[in-house]
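# Inside the fold
Okay, here's what each chain looks like letter by letter:
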Amino acid sequence: MYDRSSKLAAKGVLIEYWLHRSKTLFTAVKGVDLTVRPGEFLAIVGPSGCGKTTFLNAVDGLIPISEGSLTLDGREITKPGPDRAMVFQQPGLLPWRTVLGNVTFGVEAQGTMTKREATERATQQIELVGLKGFEDAYPLELSGGMQQRVNLARALLTDPEMLLLDEPFAALDAQTREMMQLELLKIWSQTRKTALFITHDIKEAIYLSDRVIVFTRRPGRVKNVLEIKLSRPRDLRVKRDPQFLTYEDEIWESIQEELAVPAERLIAGMPAA
Amino acid sequence: MSIQSWEPAAPTTTLDRPPAQERRSVVRPSRVKQFEPIVLGTLSVVIALTAWQLVANAGIYSILFLPGPWAVAQAFVKLFETSDIWLDIGTSGAELGIGYGMAIVIGLVIGLLMGWYTRFQYTLDPFVNFFYSTPRIVLIPLFIIWFGIDMPSKIAVIFLGALFPIIINTMAGVRNTEAALLRVARSFGASDALIFRRVVLPGSVPFILTGFRLGIGHALTGVVVAELIAARHGVGQLIAIAGQTFQTPKMLAGVLLIAGTGMLLTTILQRIENRFQAWRPQIR
């Protein structure tokens, strides 16, 4: 049954794939149950290598799931579609195209807009992400933060139902990252797209999200879900709010349990995770 | 209120100013630096030519053994006094144009197909490897048997000479497409055709042009060697006859013609390469 209160629904999702070199079956995530509400900003955090990026790739339709169901508005996800757009960790910009050419690449690939319409709306999008005046610059002339703005604008231009963000600020320096978080929230509050955000940065997850989901270590599944009841709009000072710090502690402890296998579990001979 | 309190803060000692040395780096390169490559390049050539002329003038060797640059230049001018030279240039030029042109078109198509379709690569790999590791000029005797001593046998050698570097480089270009770019394109639902045209092909351009440039070298080798072995007209044939009849200045003038052609074609391709690299930030 399709539940209207959820945009994205994952039920018992298992993702495994063959590692060609070692000829072994690799289980990335197992038994993932979660829903993303319409218009919600949801972040997934977890220990590195817990399969959170793999899960996001499955939501994008880039890799198939082995078991369970993954639905967007009640429709099974089988391949990439214009209803989703990904913001990648590596910007993945075409180096021979200008900022404008890269921003329009998404809609060009989807074939959903005429060239003139794409160019016109891309100009607005570029302004929205704060790159006005850089339309004709090439990616290699831009800083890492600016490249990620292009990456974001490219996804936004496709006007997706759902925005998927795969650690988009992980490669940026601390200051730039904070600025980008602030800007992302500003843009998100203007567009109110349902957003699924993957990160290993706990502060980032709390700061941006309505809810934070913690994944267990590999094979990943949902360990716990936290409602972030901080009022919006949020500025960067909220990161020093006592409530914020409480959330941070709670999530950090939850992740820490996953980092080190408790001694008694080892002795009891239980399988890791 | 004392005068000093509202006086603007000015450096009181010269030490406060950055040393002149450090300032220089922000000034645009001086004119001398700008012309350095041309000046030094010309100078080295002039010195080499002068040294060569001096040795030739010393009279230790006969002009048959070592003609000076002046004698070569005179022979070069003299080449163009008869109309025979145009037949030679025309013949070699046509061979080069047809052979190299075919190599570009066919090499590009095969290279792209081999890069894009793995099965196509597996199928053709043995042949490409065989020909790429064999100097194609060893096939000249065979081509003379098949096609005679006129243009077709030369075209075949030039074509095969240029074909394989173009195939190999084009294939490498396609294969070297960044995985991240492919992922982005797939994520936005791009069709294979669109990925090929908008991502793979533009990304391969530098590799393809490198292949073209390497191909020119092989093609020129093909022209000269094929004509040295057997031909009726052509610049290579001119060099061969001049050599066999001890007209050393004329022979070197022919060499000059070949070298000039090679340098000209390579420069043109280099220019085209630079045009396609406008997006790469300047290193200097």
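Residues numbered from 1 in each chain as written. Chains lettered and ligands numbered in written order. Predicted model: local features only at pLDDT ≥ 70, side-chain atom pairs only at ≥ 80, totals over all residues.

### Focus: the overall build of chain A
Each helix and strand counted, chain A has nine helices and 10 strands in total. Scaling as 2.2 N^0.38, a compact globule of 273 residues should have a C-alpha radius of gyration of about 19 Å, and chain A matches this with 19 Å. The C-alpha extent of chain A, read off along each of the three principal axes, is 65 × 45 × 40 Å. Once local pairs closer than 6 in sequence are excluded, the contacts in chain A between residues at least 24 apart make up 70%. (Helix = DSSP H or I, 4+ residues; strand = E, 2+ residues; numbered from the N terminus. Rg over C-alpha atoms; globule rule 2.2 N^0.38 Å. Contact = placed C-beta atoms within 7 Å.)

### Structural notes on the interface of chain B and chain A
Facing 16 residues of chain B, the contacting portion of chain A comprises 19 residues. At the level of elements, α8 (179-187) and α9 (192-229) of chain B are the ones that each hand at least two residues to the side of chain B that touches chain A. At seven residues, the largest contribution of residues to the side of chain B that touches chain A is made by α8 of chain B. When its residues are assigned to classes, the side of chain B that touches chain A shows 11 nonpolar, two polar and three charged. (Nonpolar A, V, L, I, M, F, W, Y, C, P; charged D, E, K, R; others polar.)

### Some words on the domain arrangement of chain B
Domain boundaries assigned for chain B yield domain 1 (21-66) and domain 2 (70-276). Domain 1 of chain B and domain 2 of chain B are separated by 31 Å when their C-alpha centres are compared. (Domains from an automatic or database assignment.)

### Section: α9 of chain B
Taking 1.5 Å as the rise per residue, α9 of chain B with 38 residues should run 56 Å; its terminal C-alpha atoms sit only 48 Å apart, a clear shortfall. The sharpest bend along α9 of chain B comes to roughly 45°, located at Val205 of chain B, with the proline Pro206 of chain B sitting one to four residues further on. (Expected span 1.5 Å × (residues − 1). Bend = angle between axes of the 7 residues up to and from the residue.)

### With respect to the packing of helix α5 (residues 144-157) of chain A against helix α6 (residues 174-191) of chain A
Residue and element names in this part refer to chain A. The contact between α5 and α6 brings their axes to 11 Å, and the two run at 20°. Comparing their axes, α6 and α5 come out roughly parallel. Considering how the two elements wind past one another, α5 and α6 form a crossing that is right-handed. Counting all contacts with α5, which are made through Gly144, Gly145, Gln148 and Leu156, the residues of α6 involved are Thr176, Met180 and Thr191. When grouped by side-chain class, the residues that make up the contact of α5 with α6 number two nonpolar, five polar and no charged. (Axes fitted to C-alpha atoms, helices over the stretch in contact; angles between N-to-C directions. Parallel < 35°, antiparallel > 145°, perpendicular 65-115°, else oblique. Left-handed = near helix turned anticlockwise from the far one by under 90°.)

### A closer look at the pairing of strand β1 (residues 8-19) of chain A
Residues and elements named next belong to chain A. In this sheet, strand β2 (residues 24-36) lies alongside β1 in antiparallel orientation, the contact comprising nine bridges. Opposite Tyr17, over in β2, you have Phe26 as the bridge partner. Hairpin geometry of β1 and β2 is characterised by an intervening segment of four residues between the two adjacent antiparallel strands and by a positive phi of about 50° at Lys23. Relative to strand β4 (residues 67-72), β1 is paired through five bridges, and the arrangement is antiparallel. Along β4, the bridge assignment pairs Leu14 with Glu67. (Pairing = 2+ DSSP bridges.)

### So, the sheet that holds β4 of chain A
The four strands are arranged β2-β1-β4-β5 (chain A) in an open sheet whose pairing can be described as antiparallel. The sheet is open, and its two borders are formed by β2 and β5 (75-76) of chain A, each paired with just one other strand.

### Looking at the sheet that holds strand β9 (residues 211-215) of chain A
All names here are of chain A. Ordered in space as β6-β7-β8-β3-β9-β10, the six strands form an open sheet in which the pairing is mixed. With partners counted over all chains shown, the strands left at the sheet margins are β6 (84-87) and β10 (222-227), one partner each. Between one strand and the next, the sheet's axes are offset by a mean angle of 20°, whatever the strand orientation. The strands that helix α8 (residues 242-259) touches are β3 (41-45), β9 and β10; relative to β10, the one it contacts most, it runs at about 180°.

### Re the confidence of the model for chain A
Confidence along chain A averages 90 in pLDDT terms, with 93% of residues attaining 70 or more. Across residues 269-273 of chain A, where pLDDT falls below 50, the model places six contacts with residues more than four positions away in sequence or in other chains. (pLDDT = per-residue confidence, 0-100.)

### Structural notes on the packing of helix α3 (residues 69-79) of chain B against helix α11 (residues 248-276) of chain B
Helix-helix packing is characterised by the crossing angle of the two axes and by the distance between the axes. All names here are of chain B. In contact at an axis separation of 8 Å, α3 and α11 are set at 75° when each is read in the N-to-C sense. Compared by their axis directions, α3 and α11 come out roughly perpendicular. Across the interface between the two elements, Ala71, Val72, Gln74, Ala75, Phe76 and Leu79 of α3 pack against Pro249, Lys250, Leu252, Ala253 and Leu256 of α11. A class-by-class count of the residues in the contact of α3 with α11 yields nine nonpolar, one polar and one charged.

### As for the pairing of β6 of chain A
Residue and element names in this part refer to chain A. Every second residue of β6 is oriented toward a common face, with Arg84 and Met86 on one face and Ala85 and Val87 on the other, all of them buried. Pairing geometry for β6 and strand β7 (residues 162-166), over four bridges, is parallel. For Met86, the partnering residue across the bridge sits in β7 and is Leu164. (Buried ≥ 20, exposed ≤ 12 C-beta atoms within 10 Å, placed from the backbone.)

### Observations regarding the nonpolar core
If you look at soluble globular proteins, the nonpolar side chains tend to sit buried side by side. Counting 112 residues, the largest nonpolar core has Val45, Val59, Leu164, Leu196, Phe197 and Val212 of chain A together with Ile158 of chain B as its most contacted members. At 14 residues, helix α7 (residues 151-175) of chain B tops the list of elements feeding residues into this core. Aside from chain neighbours lying at most four places away, what touches Leu164 of chain A is Leu56, Val59, Asp60, Arg84, Ala85, Met86, Val87 and Leu196 of chain A. In terms of nonpolar packing, the next biggest core, distinct from the first, is built from 10 residues, Ala75, Leu238, Ala242 and Leu252 of chain B among them. (Core = buried A, V, L, I, M, F, W, Y, C linked by C-beta atoms within 7 Å.)

### With respect to helix α4 (residues 115-128) of chain A
Every α-helical turn comprises 3.6 residues, leaving residues that sit three or four positions apart pointing alike. Residue and element names in this part refer to chain A. Under the 1.5 Å per step criterion, the end-to-end length of α4 is 20 Å for 14 residues, consistent within 8% with the ideal 20 Å. Residues Ala118, Ala122, Gln125 and Ile126 constitute the buried set of α4. Where α4 is buried, its residues contact α2 (99-103), α3 (105-110) and α5. Following α4 by one or two positions, Gly130 has its phi on the positive side, about 80°.

### Observations concerning the environment of Ile155 of chain B
Residues and elements named next belong to chain B. Within the secondary structure, Ile155 sits in helix α7. You can call Ile155 buried: it has 25 C-beta atoms within 10 Å. Through-space distance from the C-alpha of Ile155 to that of Gly97 is 8.7 Å; in sequence the pair is 58 residues apart. Aside from chain neighbours lying at most four places away, what touches Ile155 is Glu95, Ile98 and Gly99.

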